[in-house]
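# Breakdown of the fold
Listed here are the chains, written in short residue letters.
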Amino acid sequence: QVQLVESGGGLVQPGGSLRLSCTASGINFSVNTMLWYRQAPGKQRDWVATIRSGGTTYYTDSVKGRFSISRDNARSTVSLQMNSLKPEDTAVYYCRSEFGATVYWGQGTQVTVSS
């Protein structure tokens, strides 16, 4: 049974930081591309960041320089360090694994940026 479990969400003030984690089980984590997406209320789910099995990373423009994605294959965990958070970063954040056409999603973790 495959599970992706996100953690680390919460309420933070503008300018603050959060670190999200996603721990996978039931997949060969090290060969999967791992991604973070987010979905704000009333909006579509948007891609945020990707880390390939070899460690190459990609970011959507709005988070470049503020967010950092990393992976720990020994712990089957992908993380998203989020700094300089803005109210527009408020969303449910989801992790996603990809290996070929095989895709899995986590259940999401809420991030709220508000004073």
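Structure first, text after, so check above.
For the structure given in this document, a descriptive report is provided here. All residue numbers here refer to positions counted from 1 along the written sequence of the relevant chain. Where local features are concerned, this predicted model is filtered to residues with pLDDT of at least 70; where side-chain atom pairs are given and counted, the filter is 80 or more; whole-chain, interface and lining totals use all residues. Based on all heavy atoms of the structure, the side-chain values leave hydrogens and waters out of the count.

Following the sequence through the fold, Thr60 ends up in the loop between strand S6 (57-59) and strand S7 (67-72). A contact between two residues is defined here by any heavy atoms of the two lying within 4.5 Å. Setting aside residues up to four positions removed in sequence, Thr60 forms contacts with Trp47 and Val48. What counts as a helix is a DSSP run of H or I of at least four residues, what counts as a strand is a run of E of at least two, and both are numbered from the N terminus.

Here we come to the side chain of Thr33. With respect to the element layout, Thr33 can be found in strand S4 (residues 33-39). Setting aside chain neighbours within four positions, we find Thr33 in contact with Thr50, Ile51, Arg52, Ser53, Arg71, Arg96, Ser97 and Glu98.

With that out of the way, let us pick up the pattern of salt bridges. Note on pairing: side chains with opposite charge can pair once their charged atoms come close. Salt bridges are counted wherever a side-chain nitrogen of Lys or Arg sits within 4 Å of a carboxyl oxygen of Asp or Glu. Considering all chains together, one arrives at 5 salt bridges under this definition. Asp72 is the partner of Arg75 in a salt bridge, and the nearest nitrogen-oxygen pair spans 3.0 Å. Only protein chains enter the accessibility calculation, which uses a 1.4 Å probe; a residue whose area is less than 20% of its type maximum is buried, one above 50% is exposed, and one in between is partly exposed. Take Asp72: its relative accessible area is 26%, and that puts it in the partly exposed class. Connected through salt bridges with shared partners, the residues Arg38, Arg66 and Asp89 form a single ionic network.

Our next topic: the pairing of strand S10 (residues 102-105). Looking at chain direction, strand S9 (residues 91-99) and S10 are connected through 4 bridges and run antiparallel. Within the sheet, the bridge partner assigned to Glu98 lies in S10 and is Val103. Only strands that DSSP links by at least two bridges are regarded as paired with each other. Linking S9 back to S10 in an antiparallel pair, the connection comprises 2 residues, with Gly100 at a positive phi of about 65°.

Time to look at the state of the cysteines. By disulfide we mean two sulfur atoms from cysteines, separated by a distance within 2.5 Å. Summed over the entire model, instances satisfying the criterion amount to 1 disulfide. A sulfur-sulfur distance of 1.9 Å marks the disulfide that ties Cys22 to Cys95. In this structure, the disulfide formed by Cys22 and Cys95 twists by about 45° around the S-S bond and is classed as right-handed. Here Cys95 lies in strand S9 and Cys22 lies in strand S3 (residues 18-25), a separation of 73 residues in the sequence. With relative accessibility at 0%, the residue Cys22 sits in the buried group. Judged by relative accessible area, which is 0%, Cys95 ranks as buried.

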